[in-house]
Amino acid sequence: MSKILAVFGATGQQGSSVVNFVLNDAELSQKYRIRIITRDANSEKAKQLQGKVEVAQGDVLGRASLEKALTGVHTIFAMTTPGIGPDGLEVEYSSGKRIADVAVEKGAEYIIFSTLPSPKELSGGKYPNVTPFEGKAMVESYIRGLPIKSAFYSPGYFMENFQRRPSTACAGPPTAPTPMRYHVSAGTQLPVVNAREDTGKFVGAILADPDRYEGRASFCAAAALYTLGDLAAIISKAAGKKIVLERISPEEFAERMPGPLGTIFAEAFQYQEEFGLYGPDGENLVAWAVENARGKICTLRRAEPLYGDLQDVPTASRALGEDKDD
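Residues numbered from 1 in each chain as written. Predicted model: local features only at pLDDT ≥ 70, side-chain atom pairs only at ≥ 80, totals over all residues. Heavy atoms only, no water.

Let us look at the overall build of the protein. Counting secondary structure elements, the protein contains 13 helices and 12 strands. In the protein, the proportion of contacts linking residues at least 24 apart, taken out of those at least 6 apart, comes to 81%. Of the roughly 13,800 Å² that the protein leaves accessible, carbon and sulfur atoms contribute 49%. (Helix = DSSP H or I, 4+ residues; strand = E, 2+ residues; numbered from the N terminus. Contact = heavy atoms within 4.5 Å. Areas by Shrake-Rupley, 256 points an atom, 1.4 Å probe, with all protein chains shown as cover.)

Okay, structure coming up:
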């Protein structure tokens, strides 16, 4: 008898990748029956999935709806959306904690959580303000202490989010070089993942052999590490326009974003430049994840068509793996 796999974020990039991968995998589609958990079960994206999967309404901010949505579930793929306001860290942590608590209460046996490393911890406290990372790291730590089997998927920067049009590009003649402005060096390395195509391949490896990955370090999920210079060159080629890296001060970088976003993203990239997203062994961790994924991982060069209709270069605020569920 198939087990119920509950998927959060199924109308976003990560969750939809998990859903599509499981549905199209001969083994996993027999092993699991999918139930997507969405805030709005009547959204267009949710309606498109009806008939393929079970659709359940569930809001991470409301315990009652989660209790109903997670009844009878065996395995959960969970993710949280970052909060940006003054209470953003607490909101995200509380949302992830609520999912985990209800999962245990309802007798679920396994949870896979989409996490990120803690810049505060890895930098020895130097970079404490990257709250979208910290919230997920706190949820991961909490889940590891619960009486439920668990595994963790830690995605790199989303290739798809480099498509987005920015608010910081310079206006100018179409033939003029377009600046990509950062306050870190061109050699800063970013692990990059095609979230919509490849999340399912990484999570699918865990679903296929959950005992192997239970309690282990996170799947550091990326195709490879790319420098900002690599990104500029690849996007430039695909978009058919010259994109040049322009280094600005951390203060100017932060001022280009509203509210607390400036501090968050300034620290995120400074942390990345100095320590790497996954720490000093990031390259090996990414290589291990690629080797153990359930399928071939999309490289950034193979993803060039994503950027063919790009009109401007991406802002930093779109590079950090933003993902939302309807």
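In space, the seven strands of this open sheet follow the order E3-E2-E1-E4-E5-E6-E10, with parallel pairing throughout. Only two strands of the sheet have a single neighbouring strand rather than two, namely strand E3 (54-57) and strand E10 (219-221). In this sheet, adjacent strand axes meet at a mean angle of 20° when their direction is disregarded. With four bridges connecting them, strand E4 (residues 75-78) and strand E5 (residues 110-114) associate as parallel partners. Each bridged residue has a counterpart across the sheet, and for Thr75 the counterpart in E5 is Tyr110. Across the face of the sheet, helix H7 (residues 131-144) comes into contact with E5 and strand E6 (149-155) while running at roughly 165° to E5. (Pairing = 2+ DSSP bridges. Axes fitted to C-alpha atoms, helices over the stretch in contact; angles between N-to-C directions.)

This part is about the side chain of Arg35. Among the secondary structure elements, Arg35 is positioned in strand E2 (residues 32-38). Not counting residues within four places of it along the chain, the set of residues in contact with Arg35 comprises Ile4, Leu5, Ala6, Val7, Glu54, Ala56, Lys68, Ala69, Leu70, Thr71 and Val73.

The next point concerns the confidence of the model for the protein. Of all residues in the protein, 88% attain a pLDDT of 70 or more, and the chain-wide mean is 89. Confidence drops under pLDDT 50 across residues 311-319; counting only partners more than four residues distant or on other chains, this segment forms 39 contacts. (pLDDT = per-residue confidence, 0-100.)

Across the seven residues of E6, six count as buried, placing the element largely inside the fold. Across five bridges, the pairing between E5 and E6 is parallel. Opposite Phe113, over in E6, you have Phe152 as the bridge partner. Sheet topology places E6 next to E10; three bridges connect them, and they run parallel. When the sheet's bridge partners are listed, Tyr153 is paired in E10 with Phe219. (Buried < 20%, exposed > 50% of the residue type's maximum accessible area, 1.4 Å probe, protein only.)

Where helix H5 (residues 88-105) contacts H7, the two axes come as close as 8 Å, and the packing angle between them is 25°. Comparing their axes, H7 and H5 come out roughly parallel. Considering only the axes of H5 and H7, their crossing is right-handed. Where H5 approaches H7, its residues Leu89, Glu92, Tyr93, Gly96, Lys97, Ala100 and Asp101 are matched on the opposing element by Thr131, Pro132, Glu134, Gly135, Lys136, Met138, Val139, Tyr142 and Ile143. The class makeup of the residues in the contact of H5 with H7 is eight nonpolar, three polar and five charged. (Parallel < 35°, antiparallel > 145°, perpendicular 65-115°, else oblique. Left-handed = near helix turned anticlockwise from the far one by under 90°. Nonpolar A, V, L, I, M, F, W, Y, C, P; charged D, E, K, R; others polar.)

In contact at an axis separation of 7 Å, helix H1 (residues 13-24) and helix H8 (residues 195-208) are set at 60° when each is read in the N-to-C sense. Judged by the inter-axis angle, H1 sits oblique to H8. Between H1 and H8 lies a crossing of right-handed hand. For the pair H1 and H8, the contacting residues are Gln13, Gln14, Ser16, Ser17, Val18, Phe21 and Val22 in the first and Ala195, Arg196, Glu197, Asp198, Thr199, Gly200, Lys201, Val203, Gly204 and Leu207 in the second.

This structure, assessed with the given rule, holds 13 aromatic pairs. On the basis of an interplanar angle of 70° and a centroid distance of 6.4 Å, the ring pair of Tyr127 and Tyr271 is categorised as edge-to-face. One end of the pair, Tyr127, is in the loop between helix H6 (119-122) and H7; the other, Tyr271, is in helix H12 (residues 261-275), with 144 residues separating them in the sequence. We note that Tyr127, like Tyr271, is buried. Through successive ring pairs, a cluster of aromatic residues spans Tyr153, Phe202, Tyr213, Phe219 and Trp288. (Phe/Tyr/Trp six-rings, centres within 6.5 Å; stacked < 30°, edge-to-face > 60°.)

Let's shift gears to the nonpolar core. With 94 residues, the main nonpolar core has Phe8, Ile76 and Phe202 as its most contacted residues. The contact partners of Phe202, leaving out residues within four places of it in the chain, are Tyr153, Val193, Phe219, Ala221, Ala222, Ala289, Val290, Ala293 and Ile297. (Core = buried A, V, L, I, M, F, W, Y, C linked by side-chain atoms within 4.5 Å.)

Looking now at the pattern of salt bridges. Within the structure shown, the criterion is met by 16 salt bridges. Of the charged contacts in the structure, one is a salt bridge between Glu105 and Arg63, with a shortest N-O distance of 2.5 Å. Highlighted residues: Glu105 in helix H5 and Arg63 in helix H4 (residues 63-69), separated in sequence by 42 residues. Here Arg63 falls in the partly exposed class, since its relative accessible area comes to 33%. With its nearest N and O atoms 3.6 Å apart, the salt bridge here joins Asp211 to Lys149. Residue Asp211 is found in helix H9 (residues 210-213), and its partner Lys149 is found in strand E6; the two are separated by 62 residues along the sequence. Several salt bridges converge on common partners, so that one network encompasses Asp25, Glu27 and Arg294. (Salt bridge = Lys/Arg side-chain N within 4 Å of Asp/Glu carboxyl O.)

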